Amino acid sequence: MKITKICCIGAGYVGGPTMAVIAQKCPDIQVTVVDLNADRIAAWNDKNVDAIPIYEPGLSAVVAEARGRNLFFSTDVEKAIDEAQLIFISVNTPTKTYGKGKGMAADLKYIELCARQIAQVAKDNKIVVEKSTLPVRTAEAIKNILDHTGNGVQFQILSNPEFLAEGTAVEDLLHPDRILIGGDTTPDGQEAIQSLVDVYANWVPSDKILTTNVWSSELSKLTANAFLAQRISSINALSELCEKTGADVTEVARAIGMDSRIGSKFLKSSVGFGGSCFQKDILNLVYIAKSYGLNEVADYWEQVIIMNDHQKRRFSAKIVQTLYNTVASKKIAFLGWAFKKDTNDTRESAAIYVADDLINEQAQIAVYDPKVPAAKVLADLDYLETRTPESNAQSVASFGTPYEACAGAHAIAVLTEWDEFTTYDWQKIYDGMQKPAFIFDGRNLLHRSEMEAIGFVYHGIGA
Ligand code: NAD
Ligand code: UDX
């Protein structure tokens, strides 16, 4: 089937950029992105293309090119489902916060709602594509719901996980390492796979489009995230040993990364990984392994999370210990709140947990992040429910410039690796701080020798 109309349910960090690029590269396909969140859709439709809800380098230009031509954002979910031949499900799949599997399993309620809505609305055959990251064998549940409509409509379920990373989403979508499409091994399944292959083939070389069975595709996504996160936890584990032994983790990472079997990417020691995916997906993998009775497999992967939690906690503990075992009433400036540079996303950012620890020690946190608004910082802390929102508001303030955030501070903590942090007038920042002026660089972003030459007491990770 030649696809001319696509619907994507979920206008978030994946649905928005992915569909914008499909629309840009396939002008003959009408792409409609729908969401229940009317504010989000309104922001996607904002006349000012820089006001779209997601900050990603290059994204507003892609949206500007395709929006109104063949890219549409709407809250009319039913109409878009009805019209489309192919429907991407790109809704959130967070960790369950209640019931069986609480804190581990993926919460599939939004996925099920989508499946039920498609079942209810569809009047002709559809291809339904899992774009969200899902536990292996979810396609079975979706198929079950779709096959019980009783109206004779045929559905093909494909798995097409998304591998983009935030901050480089547009680049990753334009030049993917691979596109993975899993589907049924039946002739109808293979035909559905081919329809989606043809969409991507508009800009992705055919040798980078990989097709598998559905279960391999679903499990590959969880596996990829587990491997990536494992590399960070591995280097972070070694960073602590480096600090005890005089080795320098950056030098160690470089030395091992030059081994072509290991590779140099994803070996940057940090205050701990954040983002909406790694923790959620590994917990989900652990839960799945446990549910099959594979306890050793589950324990193995759980260590990646345990190590990451330790890395965050040990960062805040080091700040307290270095500041003479008390940060009570001391101003600690946070440079960065986002979970990585070039995104306004803060989900699971290490900054949230470090701030929470320091507020427990009665510190005053002063935040500067180029893309994260003050309200988001407070909302992230409130979400933890460690203390009342009033209490959080008394302990944290956001500032419009780094100089204001750092003025009078006892210490600076670098939580995000924004490029602009390296360009500041660090002498001016130093002059405005309490002495000794400490820097805790959770990203090894600044140069130790330059900072020490100014007079800072500099602590990086793993050296
Ligand atoms: P998100 O929270 O940014 O967006 C999800 C959107 O779906 C929300 O706007 C929500 O309102 C909407 N939604 C939920 N239920 C709906 C329904 N029934 N009808 C219409 N809209 C509905 O999430 P995201 O970051 O885009 O992630 C989506 C999925 O993609 C997740 O499974 C995630 O694991 C996966 N993923 C995310 C990334 C990433 O970098 N963020 C990368 C790869 C894969
Ligand atoms: C990740 C995967 O990379 C992507 O393929 C998947 O689709 C979604 O999850 P994302 O979370 O957006 O993407 O960003 P990523 O670049 O993977 O970074 C995740 C976290 O790890 C960030 O907090 C980042 O700062 C941290 N990180 C990354 C390190 O601490 N060290 C590294 O070497 C790399």
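Residues numbered from 1 in each chain as written. Chains lettered and ligands numbered in written order. Predicted model: local features only at pLDDT ≥ 70, side-chain atom pairs only at ≥ 80, totals over all residues. Heavy atoms only, no water.

By the naming in an unreviewed UniProt entry, the chain is UDP-glucose 6-dehydrogenase, taken from Flavobacterium keumense.

Draft legend 1. Layout of the side chain of Ser316. Mapped onto the fold, Ser316 is located in helix α12 (residues 295-322). A polar atom in the side chain of Ser316 sits 3.1 Å from the backbone oxygen of Arg313. For Ser316, the contacting residues outside a window of four places in its chain are Val354, Asp357 and Leu358. (Helix = DSSP H or I, 4+ residues; strand = E, 2+ residues; numbered from the N terminus. Polar contact = N/O pair within 3.5 Å; in protein donor to acceptor, adjacent residues only side chain to side chain. Contact = heavy atoms within 4.5 Å.)

Draft legend 2. Quick peek at the environment of Pro27. Assignment of secondary structure puts Pro27 in the loop between α1 (15-25) and β2 (30-34). The class of Pro27 is partly exposed, set by a relative accessible area of 47%. The spacing of Pro27 and Asn202 is 175 residues in sequence and 9.9 Å in space, taken between C-alpha atoms. Those residues in contact with Pro27 that sit more than four places away from it in its chain are Arg69 and Asn70. (Buried < 20%, exposed > 50% of the residue type's maximum accessible area, 1.4 Å probe, protein only.)

Draft legend 3. Structural context of the site of ligand 1. Residues in close proximity to ligand 1 total 25 residues, the closest being Asp35, Arg40, Thr93, Glu166 and Lys280. For ligand 1, an oxygen atom lies 3.0 Å from a polar atom in the backbone of Tyr13. At a separation of 2.6 Å, an oxygen atom of ligand 1 approaches a polar side-chain atom of Asp35. In isolation ligand 1 has 840 Å² of accessible area, and contact with the protein removes 93% of it. Here the residues of the shell around ligand 1 are counted per class, giving nine nonpolar, nine polar and seven charged. (Near = heavy atom within 4 Å. Areas by Shrake-Rupley, 256 points an atom, 1.4 Å probe, with all protein chains shown as cover. Nonpolar A, V, L, I, M, F, W, Y, C, P; charged D, E, K, R; others polar.)

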